[in-house]
There are 2 protein chains.
Amino acid sequence: MAVKTRTRKKSTRSSGRKARMIYGFAPDRTDGRAHQRELLGGKGANLADMTSIGLPVPPGFTITTETCAAYSKGGNRMPSGLMKEVETHVKRLEKFTGKSFGSKTDPLLVSVRSGAAVSMPGMMDTVLNLGLTDAAVEGLAELTGNERFAWDAYRRLINMFGDVVMDVDHHHFETAFSKIKKKYKVTEDTDVPAAGLRELCTAYKAVYRKHVGKAFPQDPMKQLQHAIEAVFRSWNAPKAISYRKINEITGLQGTAVNVQTMVFGNMGDDSGTGVAFTRDPSTGKNQFYGEFLINAQGEDVVAGIRTPKPVSQMKKWDGKAFASLMKIRTILEKHYRDVQDIEFTIERGHLWMLQTRNGKRTAAAAVKIAVDMVKERLITRDEALLRIPAGDLVQLLLPSYTAASKKGATIVATGLPASPGASWGALAFTAEDAVERATAGEQVLLVRTETSPEDVEGMHHAAGILTSTGGMTSHAAVVARGWGKCCVAGAGAIAIDEKKQRATINGKAYGPKDILSIDGSTGEVMAGRVDGSTPKLSGDFNTIMKWADAARRMKVRTNADSPADSKRARDFGAEGIGLTRTEHMFFEGDRIVAMRRMILADNQKDRVAALKQLLPYQRKDFTGIFTAMKGLPVTVRLLDPPLHEFLPHDRASQKELASAMGVPLKDVVRRVDSLHEANPMLGHRGCRLAVTYPEILRMQVTAIVEAMIACRKKGIKAMPEIMIPLVGTRQELALLREETLETIAEVKKRKKYTGKLDIPVGTMIEIPRAALTADEVAGVADFFSFGTNDLTQLTYGYSRDDINGFLPDYIHRGILEKDPFQSIDVNGVGRLVDIAVREGRMVKPKLKLGVCGEHGGDPASVEFFDHVGLDYVSCSPFRVPTARLAAAQSTIRRKKK
Amino acid sequence: MAVKTRTRKKSTRSSGRKARMIYGFAPDRTDGRAHQRELLGGKGANLADMTSIGLPVPPGFTITTETCAAYSKGGNRMPSGLMKEVETHVKRLEKFTGKSFGSKTDPLLVSVRSGAAVSMPGMMDTVLNLGLTDAAVEGLAELTGNERFAWDAYRRLINMFGDVVMDVDHHHFETAFSKIKKKYKVTEDTDVPAAGLRELCTAYKAVYRKHVGKAFPQDPMKQLQHAIEAVFRSWNAPKAISYRKINEITGLQGTAVNVQTMVFGNMGDDSGTGVAFTRDPSTGKNQFYGEFLINAQGEDVVAGIRTPKPVSQMKKWDGKAFASLMKIRTILEKHYRDVQDIEFTIERGHLWMLQTRNGKRTAAAAVKIAVDMVKERLITRDEALLRIPAGDLVQLLLPSYTAASKKGATIVATGLPASPGASWGALAFTAEDAVERATAGEQVLLVRTETSPEDVEGMHHAAGILTSTGGMTSHAAVVARGWGKCCVAGAGAIAIDEKKQRATINGKAYGPKDILSIDGSTGEVMAGRVDGSTPKLSGDFNTIMKWADAARRMKVRTNADSPADSKRARDFGAEGIGLTRTEHMFFEGDRIVAMRRMILADNQKDRVAALKQLLPYQRKDFTGIFTAMKGLPVTVRLLDPPLHEFLPHDRASQKELASAMGVPLKDVVRRVDSLHEANPMLGHRGCRLAVTYPEILRMQVTAIVEAMIACRKKGIKAMPEIMIPLVGTRQELALLREETLETIAEVKKRKKYTGKLDIPVGTMIEIPRAALTADEVAGVADFFSFGTNDLTQLTYGYSRDDINGFLPDYIHRGILEKDPFQSIDVNGVGRLVDIAVREGRMVKPKLKLGVCGEHGGDPASVEFFDHVGLDYVSCSPFRVPTARLAAAQSTIRRKKK
């Protein structure tokens, strides 16, 4: 967030020579350079750069940020000599374009824009068509043969100039416009004829005079001076100052002012305008790609009123301009060494480049372009890897909707894009229903207000998951992402009535027979069945992954709770499991009964008996996972959630449970009540459970060791690691580690196993205190795995389940740049990670370090983890390729520094 | 927790001379010194010290910890020459006492005890009466003329020796004893006659032979050798190793072994035993104080079977012994420069000192003794200040029960001593009932399952508060302590039925007419009315406080929410208010209606209107507090709790509210539901409220500024400081600070106030992230006030409301030494405080720093805060004297270093 730009003294200053206030850009001479952002602002530096590589950019000039500073320092007075220099540069523009300022025949028009070194809202935006006067507008009309165009340009100038330069309230102009529209009996601006616009200009000038107290200036140089001063003043507008303060933008001098010749693509049939990409941004194919419109302005292409033609047809229309464009295409790719997205205008046969920037592209295109450009020797392998947005790789692995496939679909609601993908199904309102119908062969969409661990089996069977509450890190979102299952969460417009099996959206009810489709990449919910497509992985994808693996330092593991997920992740390149949650395992079939019996037991003996029933299930789970991951480490996290999550909370299910257990209902109710917590997130869970109920730990460790021995006896190299969650003090881990090691030894002895059982015992670092006392904790840990989800919750004091109450306001008011659960907060949470890494390794230099929170699949976070020196990141299976690439990118960037 | 003792090489070793293995202590020669704890263990060093200052300590010797280390290192083999040295020392004992080992006429008996440098469970405890054999027991019987005593001593030896030295399971001895008791038809051990005990010895020896495989050793030197080895071995017992590991006790060599002559006070009418204090531990009066029993053992005094006589009567019985004792009294106070608590035994006319230690005393006695000893020039003022347990001062300020006042009272339940004091009242089950009946003149005790902010008015009117759930930092506890009101929390044995107005304890029901009494210092709940007493503050107390104020560096403020509390705290010496919570202010009378209207408003306009109604109340509150604290700073915290705390949660009250507001019930229900949070502690509260509802902040700041201006106009120096709670990022504070400053400027302008309004705007540091990014936050803060309650919750991930689910197990299993909400966790939470202090001051060297959590009144925490350099601590009014003294103690200790 913090942008600190050092202020360098200009050498011209210290040498006593007067600093240059204006840098011109024109094909014949460009004063500025791409690196002079500080002095010329971002926009000014870019215009200079484009011009200097020979692009035909409409000429203009940039007044430096230093000049702005001088203006402010001088008490908002124009620095002496500035306007004289401006005049010189305007003269150059006139000479170059052959037009002249205020001319009745061929008037020079310019745009005036602000532009600081850092993009910043709150400053003056743009004045277009500056230079038009009562006289010049006639000239423009004659020149273009388009009276309406000329008067429209003029009325826009008066409005914009009055509004942004002279602070005339916009609604005064609106009122005047309404009157004219009424008079001509039209409702749309575009339907007002030329005569009406001419009248409007007269009315606007009256508005201007009334509120400014002076007539609209008929001297273009006066217009320009006012506009420049307005830009200067806007640097110190309260909104701009406040923005800089809140965002810690310091060390900047001021804003630059960019004055640039206007060009028009609507000056007749020898004019036109277009947008293009130097390669196909959708497939990555190396062919010129774009559209153009004859006798039109840029906004016409965007507005979609007229249908543009493919750029390939331009050759027929204006072979010369097309040849120039193709030449420019080559220059651009050579200069920027990447695909460019360009805007151009042809004014009376003359091609002008208005903008070039790196082209956005699909993930598939990014991969192809990167590999191709290496083959073309345009870029190196390292550069190719850096070019691909690692986060986008998920798109290549999951079914998705394209604009084409969604065409005609009705979007009925929008939620959060919680887990990417595309899917549809008939609505199921309970997990049980979803399981039943899916097992019977129906494709169902599980629709819930929010999901809980009880719903996991239903979620697994559903084709997709849709919830009406909950955020990006809600239960539904986290579980779905783990499986690569499509999920839209928090679609607030949907009212779900589970009992009546009904979802109501905007007054329309959808029942179990209705089908909805969801786009997990956009959050859109569509009526009816919309089919997506599953892309095939290209050879280029494999090439990129191979290069990435060769480049990266960090290992990439996966979070997986089942053999199927483990296998898939392995296929995606996972080098082990960083997190196997054991809680999901207790919900299936009979297990939940034994689990509940254990929780309801009021003495250790009964608990041990119930746990004995769970043991064979757990052993089987682990055997499956160890087998799928043979030869690779598997980190098993012991039971983490509070016990009440395993008990039913509605009276009916409690009754059922009571009769199944043969205990009075009131005992069940009492236990549920006694387990109720004001803040379960901060309650009796994680290793705190193992401290109070050591028998749970013993059962789980026994299952792990027995599964390991069973695998080893079959020649399968099982490599479990035992992870104790929610540790906050060394003493907790010391105690539980002892109990774990004792249990391992016991099982080994009982099973008469004589081989070596090397099972590392470590902990999650997810409690701030554990990070702060890592030097103590490390003494009794074989590894640390950062649980950055909970660490973020505690470091910020944000409950993931409740953050939606204020997060939107926080993002909106600029307090948070992004959701800290998506991308790691380097300064706060990251600092704790850094402390734990450094101080843990101080005590135990070979301490193995990883991360298993949601952040393990976020490229920016992966880079941070690489920097602090973790050994691995672990993420959901579908994000494994992303993590592999992000890890490589980080290594490459570090190497470059 | 961590005890790290550096291992120093003995100079005797490095010089090549053989290290001395045994240090003797006897009146004629003492080898050891008080400072040699590492070598002699704690117990051994103390015995040496007492002996060396001329106390008649039963002579003995200590085998060094180094010898233990040599034993372990040598594979559990006695170091060569050790037993020879032991023999030499035993000879010295025989010579000195005139008794001899195994003698048939006057046997020397010894005790053998372990004793490391640090007290440590898990090691061998004690063997008494060692030296008794079949022969010696007869000698002892003859010598004492008490056959029963002799055989009882012998059977105890065989049992203890078998059990702790030879690992014979204790129950084998029990079985044998049961048989004897059956035979003699008695149930108590003490009723078995001498003959029975003689038979028992035979039976015990058989048990011993059976399980050890050898006869019970009849050679005292063999007994001694075995016992010494057992002590050595116990150093490496699994329990001892595990204890050291978990508690990070490293660097110790081993345990010492203390062998000491046994003395007996029950050898006839010229023998006796007693306990005494060198001054009255209850009042502090400078007079000898204690009790003694003729012909008795120490345990008889403790057991209370016989009634001892006051020590003053000893002169008549044995003038010589008494004179010695009085001489020793003087020696002791001169040597230890403090009141001593001593145990002594007179064996056949000879006085032996068994123990001396600093005497425990009441707070009143501590104050008097400290002041007296300064007058007597025994100690300095600094030492006097250090002598008084700062936390005990609260006892002097509040009504309390004495053993006398509670005599005969029936304790019906015990809860947590949540807020000290003594009170009784007829039971009130709702806050409304408490207010009504108290207003009518009845003395009531508010009895609730737990309290919430809605109960505050009732709590205020009640004489005391009793809850059945909640811990030491529950709402009831925190509020009560703030007021100095007596409170017992979490008395789980009480089942409260609010509807039926009934509290059931152990099957007995108590209604609104029944009276209970509570002791807030012990947690006891008593049936009926028990009156306590309110002590008057002594002149000595004022002297101590004056000395403390002169000595301390840190300021002491108070947490107070009303003018009455402010005034009281000022009387107790508070130098300002560190925390005024504003939420309590919204519950009284009409205010809650306006508050609820504000919360139920669904647009900003209605919210602003409701807030307008609240403004005059807030202004009045602040005017009162500023007036009470004139000339001193008052830190006002803006609204902190989540809004749902202000809404009723039961349907009946919701209905009432709906009709009062003229809105449908479902709107109220919907709003309550929409405000529900899974983890309210981590939810929409604190400054997050001000971000989403800036109008609340504006109302509060307006009230503060208007109150300030009103005060100033009356010549009252109001000094408010505005504190923004729950800040986690710089951006939050930057934004809200701007809004605060704007509001201040607006009010100033509107009120046409021309004076200077210097209102510091700062933040609580209670979110870990705020501490970790203190350098960023400090840039926009005038002060930091550490909210260590929430900081502890988040750093540990413990919910104060839910911690009772596991805290008892945590304390029991040694994971936590103490409740981190009572005393600051230096390594974790403290580290965050330290980081924030250092990095905040790096950016802003004059940043004002304080603490306003519960820890501000805890002496250990106050010391920590002094060390890290805070400017002040703030605590509840009754803890202000404690904090003043603790701050002085910290400064003095630091100076000494």
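Now for a description of the structure that goes with this document. (Residues numbered from 1 in each chain as written. Chains lettered and ligands numbered in written order. Predicted model: local features only at pLDDT ≥ 70, side-chain atom pairs only at ≥ 80, totals over all residues. Heavy atoms only, no water.)

This part covers the interface of chain B and chain A. Listed as interface residues are 55 residues of chain B and, on the opposing side, 55 residues of chain A. Between chain B and chain A, roughly 5100 Å² of surface is buried when both sides are summed, and carbon and sulfur atoms account for 54% of that area. Of all residues in chain B, Leu682, Gln731 and Arg813 of chain B bury the most surface against chain A, accounting for 13% of the area lost on that side. The interface formed by chain B and chain A holds six salt bridges in total. Taking the shortest distance from any N to any O, the salt bridge between Glu839 of chain B and Arg831 of chain A comes out at 2.6 Å. Put simply, the parts of the chain that give the side of chain B that touches chain A at least two residues each are helix 10 (238–246), helix 27 (687–692), helix 29 (730–750), helix 30 (768–772), helix 32 (788–796), helix 33 (807–812) and helix 34 (829–843) of chain B. With seven residues, the single largest contributor to the side of chain B that touches chain A is helix 29 of chain B. In terms of residue class, the side of chain B that touches chain A is built from 24 nonpolar, 14 polar and 17 charged. (Contact = heavy atoms within 4.5 Å. Buried area = accessible area lost by both parts, 1.4 Å probe. Salt bridge = Lys/Arg side-chain N within 4 Å of Asp/Glu carboxyl O. Helix = DSSP H or I, 4+ residues; strand = E, 2+ residues; numbered from the N terminus. Nonpolar A, V, L, I, M, F, W, Y, C, P; charged D, E, K, R; others polar.)

Across its 17 residues, helix 36 (residues 880–896) of chain A extends 24 Å between first and last C-alpha, which sits within 8% of the 24 Å expected from 1.5 Å per residue. Extensive coverage of helix 36 of chain A is indicated by the burial of 13 of its 17 residues. (Expected span 1.5 Å × (residues − 1). Buried < 20%, exposed > 50% of the residue type's maximum accessible area, 1.4 Å probe, protein only.)

Moving on, we get to the relation of the copies chain B and chain A. The transformation that overlays chain B on chain A combines an axial shift of 0.3 Å with a rotation of 180°, and the residual RMSD is 0.3 Å. Each copy turns onto its partner about a two-fold axis. It is Asn679 of chain B whose C-alpha, among those of chain B, lies nearest the rotation axis, at 2.2 Å. The fraction of interface residues of chain B whose copies in chain A are also interface residues reaches 100%, indicating that both copies meet through the same surface. (Least-squares fit on C-alpha atoms with pLDDT ≥ 70 in both.)

Time to look at the packing of aromatic side chains. In the structure shown here, the tally under the stated rule is 38 aromatic pairs over all chains. Site record: aromatic cluster; members linked through ring pairs are Trp151, Tyr154, Phe161, Tyr208 and Phe216 of chain A. Lying over the aromatic face of Tyr23 of chain B, Arg20 of chain B brings its terminal NZ or CZ to 4.7 Å of the ring centre. Here the basic side chain of Lys181 of chain B rests over the ring of Phe177 of chain B, its NZ or CZ set 4.9 Å away from the ring centre. (Phe/Tyr/Trp six-rings, centres within 6.5 Å; stacked < 30°, edge-to-face > 60°. Lys NZ or Arg CZ within 6 Å of the ring centre and 35° of its normal.)

Once that is clear, we can look at the sheet that holds strand 24 (residues 508–510) of chain B. Two strands in a sheet stick together by hydrogen bonds in their backbones, pointing the same way (parallel) or opposite ways (antiparallel). Residue and element names in this part refer to chain B. Across the sheet, which stays open at both edges, the three strands sit in the order 22-23-24 with antiparallel pairing between neighbours. Unpaired on one side and paired on the other, strand 22 (494–497) and strand 24 mark the two borders of the sheet. Across the sheet, the mean angle separating the axes of adjacent strands is 25° when strand polarity is ignored. Pairing geometry for strand 23 (residues 502–505) and strand 24, over three bridges, is antiparallel. When the bridges of strand 24 are listed, Thr504 appears paired with Ala509. (Pairing = 2+ DSSP bridges. Axes fitted to C-alpha atoms, helices over the stretch in contact; angles between N-to-C directions.)

Time to look at the environment of Val727 of chain B. All names here are of chain B. Note that Val727 resides in the loop between strand 30 (719–724) and helix 29. Residues Val727 and Arg529, 198 residues apart in the sequence, show an inter-C-alpha distance of 47 Å. Once residues lying within four places of it in the same chain are set aside, the contact partners of Val727 are Cys687, Glu732, Leu733, Thr763, Met764, Ile767, Ala770 and Val777.

A few words now on the packing of helix 28 (residues 694–713) of chain A against helix 29 (residues 730–750) of chain A. Residue and element names in this part refer to chain A. Relative to each other, helix 28 and helix 29 sit at 45°, their axes nearing to 9 Å. With respect to helix 29, the axis of helix 28 lies oblique. Every pair of crossing elements has a handedness; the one defined by helix 28 and helix 29 is right-handed. Residues Pro694, Leu697, Arg698, Val701, Thr702, Val705, Glu706 and Ile709 of helix 28 pack against Leu736, Glu739, Thr740, Glu742, Thr743, Ile744, Glu746, Val747, Lys748 and Arg750 of helix 29. Across the contact of helix 28 with helix 29, the residue classes tally to eight nonpolar, three polar and seven charged. (Parallel < 35°, antiparallel > 145°, perpendicular 65-115°, else oblique. Left-handed = near helix turned anticlockwise from the far one by under 90°.)

Attention now goes to the sheet that holds strand 13 (residues 309–310) of chain B. Residue and element names in this part refer to chain B. As summarised here, the arrangement of the five strands in space is 13-12-11-14-15, forming an open sheet in which the pairing is antiparallel. Looking at strand neighbours, the two that pair on one side only are strand 13 and strand 15 (350–358), the edges of this open sheet. When strand 12 (residues 289–294) meets strand 13, the two strands line up antiparallel, connected through two bridges. Each residue of the ladder has a partner; that of Glu291, found in strand 13, is Pro310. Relative to the sheet, helix 13 (residues 319–336) contacts strand 14 (340–347) and strand 15, its axis offset from that of strand 15 by approximately 30°.

Residues and elements named next belong to chain B. Within the secondary structure, Gln618 is located in helix 24 (residues 604–628). With relative accessibility at 0%, the residue Gln618 sits in the buried group. In the structure, Gln618 is positioned 88 residues away from Glu706 in sequence and 9.9 Å away in space, judged by C-alpha atoms. Apart from the residues within four sequence positions on either side, Gln618 is in contact with Thr582, Met585, Phe586, Met699, Gln700 and Ala703.

Okay, the nonpolar core next. Judged by nonpolar contacts, the single largest core of 296 residues is most densely connected at Ile544 and Phe626 of chain A together with Ile544 and Phe626 of chain B. Membership of the second largest hydrophobic core comes to 69 residues, among which are Met123, Ala141, Ile158 and Met262 of chain B. (Core = buried A, V, L, I, M, F, W, Y, C linked by side-chain atoms within 4.5 Å.)

Residues and elements named next belong to chain B. Pairing geometry for strand 16 (residues 411–414) and strand 26 (residues 524–527), over three bridges, is antiparallel. Paired with Thr414 across the strands is Glu524, a residue of strand 26. In terms of strand pairing, strand 25 (residues 515–519) meets strand 26 through four bridges, oriented antiparallel. Across the sheet, the residue bridging to Leu516 is Ala527, located in strand 26.

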